Amino acid sequence: MSDLSQAGRIVLTVPLVLGVIAFAAFQWNTTHVFNPKWHPHARFHAVQLGLFFIVLSGIGLWLIWGSDISVPTAAWLAAAVPLVFWGGEFAALLVPGTDPSPDPANPNTFPLF
């Protein structure tokens, strides 16, 4: 284990765990993610960023409580952060009522040239 004290680990753990609980309690319900009044694109990003936060919180907990990491593991984590963020976009598509387009009736179209 690293030189981080037990008290320091607990202090760092509390916001990570409470953040995940808060997301589950206050976002993943009928007032937010499943609120029929919310635009599907808003729901999409709520799910995407919520999942990103949950995965990063898990990584943070592992770093706080796990063993010291090696250089290859640190490199893997550095690569995992953007992969998890962008992977959340695909996971958000699986949640009913989400849509990646800001206006489903008029989807995004970006001319490449």
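See the structure printed just above.
Below is a short write-up of the structure. Nothing here was measured: the structure is a model prediction, and the numbers come from that model. (Residues numbered from 1 in each chain as written. Predicted model: local features only at pLDDT ≥ 70, side-chain atom pairs only at ≥ 80, totals over all residues. Heavy atoms only, no water.)

1. Focus on the overall build of the chain
Part 1 of the reasoning: Scanning the chain from terminus to terminus reveals 3 helices and 0 strands.
Part 2 of the reasoning: Going from the N terminus to the C terminus, the chain shows its helices and strands as α-α-α.
Part 3 of the reasoning: The buried share of the chain, taken over its 113 residues, is 26%.
Part 4 of the reasoning: Taking the contacts inside the chain whose residues are at least 6 apart along the sequence as the reference set, 65% of them involve residues at least 24 apart.
Part 5 of the reasoning: As presented, the chain carries roughly 7,500 Å² of accessible surface, and 75% of it is formed by carbon and sulfur atoms. (Helix = DSSP H or I, 4+ residues; strand = E, 2+ residues; numbered from the N terminus. Buried < 20%, exposed > 50% of the residue type's maximum accessible area, 1.4 Å probe, protein only. Contact = heavy atoms within 4.5 Å. Areas by Shrake-Rupley, 256 points an atom, 1.4 Å probe, with all protein chains shown as cover.)

2. Some words on the environment of H32
Part 1 of the reasoning: Along the polypeptide, H32 turns up in the loop between α1 (6-26) and α2 (40-65).
Part 2 of the reasoning: Residue H32 is classed as partly exposed on the basis of its relative accessible area of 25%.
Part 3 of the reasoning: For the pair formed by H32 and V47, sequence separation is 15 residues and the distance between their alpha carbons is 9.9 Å.
Part 4 of the reasoning: For H32, the side chain forms a polar contact with the side chain of T31, separated by 2.9 Å. (Polar contact = N/O pair within 3.5 Å; in protein donor to acceptor, adjacent residues only side chain to side chain.)

3. Some remarks on the nonpolar core
Part 1 of the reasoning: In this structure, V33, F44, A46, V47, A92 and V95 together form the largest nonpolar core, which totals 6 residues.
Part 2 of the reasoning: Ignoring sequence-local partners within four residues, the contact set of F44 consists of E89, A92, L93, T98, D99 and P100. (Core = buried A, V, L, I, M, F, W, Y, C linked by side-chain atoms within 4.5 Å.)

4. Quick word on the packing of α2 against helix α3 (residues 71-92)
Part 1 of the reasoning: Relative orientation of the contacting elements α2 and α3 amounts to 155°, with a least axis distance of 7 Å. As summarised for this structure, α2 and α3 are arranged roughly antiparallel, according to the angle between their axes. Here the hand of the crossing between α2 and α3 comes out right-handed. In this structure, α2 uses F44, H45, V47, Q48, L49, L51, F52, V55, L56, I59, W62 and L63 to contact α3, whose residues at the interface are T73, L77, V81, V84, F85, G88, E89, A91 and A92.
Part 2 of the reasoning: Its residues assigned to classes, the contact of α2 with α3 shows 16 nonpolar, 4 polar and 1 charged. (Axes fitted to C-alpha atoms, helices over the stretch in contact; angles between N-to-C directions. Parallel < 35°, antiparallel > 145°, perpendicular 65-115°, else oblique. Left-handed = near helix turned anticlockwise from the far one by under 90°. Nonpolar A, V, L, I, M, F, W, Y, C, P; charged D, E, K, R; others polar.)

5. A look at the packing of aromatic side chains
Describing an aromatic ring pair means giving the distance of the ring centres and the angle of the ring planes.
Part 1 of the reasoning: Considering all chains together, one arrives at 4 aromatic pairs under this definition.
Part 2 of the reasoning: With a centroid separation of 6.0 Å and an interplanar angle of 55°, the aromatic rings of F23 and W28 are classed as tilted.
Part 3 of the reasoning: By relative accessible area, which is 10% here, F23 ends up buried.
Part 4 of the reasoning: On the basis of relative accessibility, which here comes to 34%, the residue W28 falls in the partly exposed class.
Part 5 of the reasoning: Centre to centre, the rings of F52 and F85 are 5.1 Å apart; their planes meet at 80°, and the pair counts as edge-to-face. One end of the pair, F52, is in helix α2; the other, F85, is in helix α3, with 33 residues separating them in the sequence.
Part 6 of the reasoning: A residue is classified by how much of its surface remains accessible, and F52, at 18% relative accessible area, is buried.
Part 7 of the reasoning: A relative accessible area of 23% means that F85 is categorised as partly exposed. (Phe/Tyr/Trp six-rings, centres within 6.5 Å; stacked < 30°, edge-to-face > 60°.)

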